[in-house]
Amino acid sequence: VEIVRLKDSYSNEAFKPFVERAAALGAAHILVAGDDTDTARLQDSYAQFCQLAGEFKLTADLEFMPWTAVKNLRQARAMVEHSGAANAGVLLDSLHFARSDSSLAEVADLPSDLIHYIQLCDAYAQYDDSDEGLIAVARGARLLPGSGELDLLSLAQLVDASKPIGLEIPNAELVQHFSPKQRAQMAIDHAQK
């Protein structure tokens, strides 16, 4: 389930109903984004959220995104390890990975138990690297796996094959032409190829 945004005003009490509902739905993982630019406070908030999620047997998977306070894999891994929480994890999203200052060598070095699931989509190699440009693609112009130019295979091969794969492909153009069921089937078909 998603998304928990850790801001400067974070409190476990505010997110407890969300976590309770996630557990009631049978969720396993919660996507977390770090939006607080005060690193020490963000680390504390993340550790608190891990504790709350852990009470409901849910993981807290920190997704790095270039426009947030957690911009790359190194920062995400450091925050996850700093938390010391058994349910803390790093979420690898193929789009954000490709757009961040992160490397395949860092993925290869990431302990498998820190990865609970990954997200795949595709995109073009050329892009607007402003925050607005990055957000526009992330929220409405992602491509079906294999339809763009990202090296999805190299990334996926570095992750234990037993890890779940989420297909996150918001695309405004596809929404106009295909039903939700058709888009879901297209995503599955492209990912399997």
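Residues numbered from 1 in each chain as written. Predicted model: local features only at pLDDT ≥ 70, side-chain atom pairs only at ≥ 80, totals over all residues. Heavy atoms only, no water.

1. With respect to the overall build of the protein
Assigned secondary structure in the protein consists of 9 helices and 6 strands. Taken over the C-alpha trace, the protein has a radius of gyration of 16 Å; the compact-globule value for 193 residues is 16 Å, and the two agree within 12%. The proportion of buried residues among the 193 residues of the protein is 44%. A separation of at least 24 residues holds for 79% of the contacts in the protein among residues at least 6 apart in sequence. When the accessible area of the protein is evaluated, it comes to approximately 9,800 Å², of which 52% is carbon and sulfur surface. (Helix = DSSP H or I, 4+ residues; strand = E, 2+ residues; numbered from the N terminus. Rg over C-alpha atoms; globule rule 2.2 N^0.38 Å. Buried < 20%, exposed > 50% of the residue type's maximum accessible area, 1.4 Å probe, protein only. Contact = heavy atoms within 4.5 Å. Areas by Shrake-Rupley, 256 points an atom, 1.4 Å probe, with all protein chains shown as cover.)

2. Some points on the side chain of Asn171
Residue position: Asn171 is located in the loop between β6 (165–167) and α8 (172–177). A polar side-chain atom of Asn171 sits 3.0 Å from the main-chain amide nitrogen of Glu173. Excluding residues that lie within four positions of it along the chain, Asn171 makes contacts with Gly140, Ala141, Arg142 and Leu143. (Polar contact = N/O pair within 3.5 Å; in protein donor to acceptor, adjacent residues only side chain to side chain.)

3. As for the environment of Ala184
Relative to the helices and strands, Ala184 resides in helix α9 (residues 180–192). Distance in space between the C-alpha atoms of Ala184 and Ile169 is 9.4 Å, their sequence separation being 15 residues.

4. Points about the packing of aromatic side chains
Taken as a whole, this structure holds 3 aromatic pairs when the rule is applied. Arranged with centres 5.4 Å apart and planes meeting at 20°, the rings of Tyr10 and Phe15 form a pair that is stacked. The class of Tyr10 is buried, set by a relative accessible area of 12%. With 6.3 Å between their ring centres and 80° between their planes, Phe15 and Phe49 make a pair best called edge-to-face. Of this pair, Phe15 sits in helix α1 (residues 12–24) while Phe49 is found in helix α2 (residues 39–55), placing the two residues 34 residues apart along the sequence. (Phe/Tyr/Trp six-rings, centres within 6.5 Å; stacked < 30°, edge-to-face > 60°.)

5. Quick word on the pattern of salt bridges
Considering all chains together, one arrives at 8 salt bridges under this definition. With a closest N to O distance of 3.0 Å, Asp35 and Arg5 form a salt bridge. Of this pair, Asp35 sits in the loop between β2 (29–34) and α2 while Arg5 is found in strand β1 (residues 4–6), placing the two residues 30 residues apart along the sequence. One salt-bridge network, held together by shared partners, links Arg74, Asp101 and Glu106. (Salt bridge = Lys/Arg side-chain N within 4 Å of Asp/Glu carboxyl O.)

6. A closer look at the sheet that holds strand β3 (residues 59–63)
If you trace the 6 strands from one edge of the open sheet to the other, you get β1-β2-β3-β4-β5-β6, paired in parallel fashion. A single partner strand is all that each edge strand has here, and the edge strands are β1 and β6. Along the sheet, successive strands turn relative to each other by an average axial angle of 30°, direction set aside. Sheet topology note: the strand β4 (residues 88–93)/strand β5 (residues 118–120) ladder contains 2 bridges and is parallel. In the sheet register, Asp93 faces β5, and the bridge partner there is Gln119. (Pairing = 2+ DSSP bridges. Axes fitted to C-alpha atoms, helices over the stretch in contact; angles between N-to-C directions.)

7. Re the nonpolar core
Where a protein is soluble and globular, its nonpolar side chains tend to be buried together. Grouped together as the largest cluster of nonpolar side chains are 50 residues, with contacts concentrated most on Val32, Tyr46, Phe49 and Leu92. Ranked by residues supplied to this core, first place goes to α2 with 6 residues. (Core = buried A, V, L, I, M, F, W, Y, C linked by side-chain atoms within 4.5 Å.)

8. Let's talk about the pairing of β3
Looking along a regular strand, one sees the side chains alternate between the two faces of the sheet. When you tally the buried positions in β3, you get 5 out of 5 residues, the bulk of the element. Here β3 shows a buried face lined by Thr59, Asp61 and Glu63 and a second buried face lined by Ala60 and Leu62. Bridge count between β2 and β3: 5 bridges; the pairing is parallel. The partner of Ala33 across the bridge, within β3, is Glu63. Read as a crossover between parallel neighbours, the route from β2 over α2 to β3 is right-handed. (Right-handed = clockwise from strand over helix to strand, strands pointing away.)

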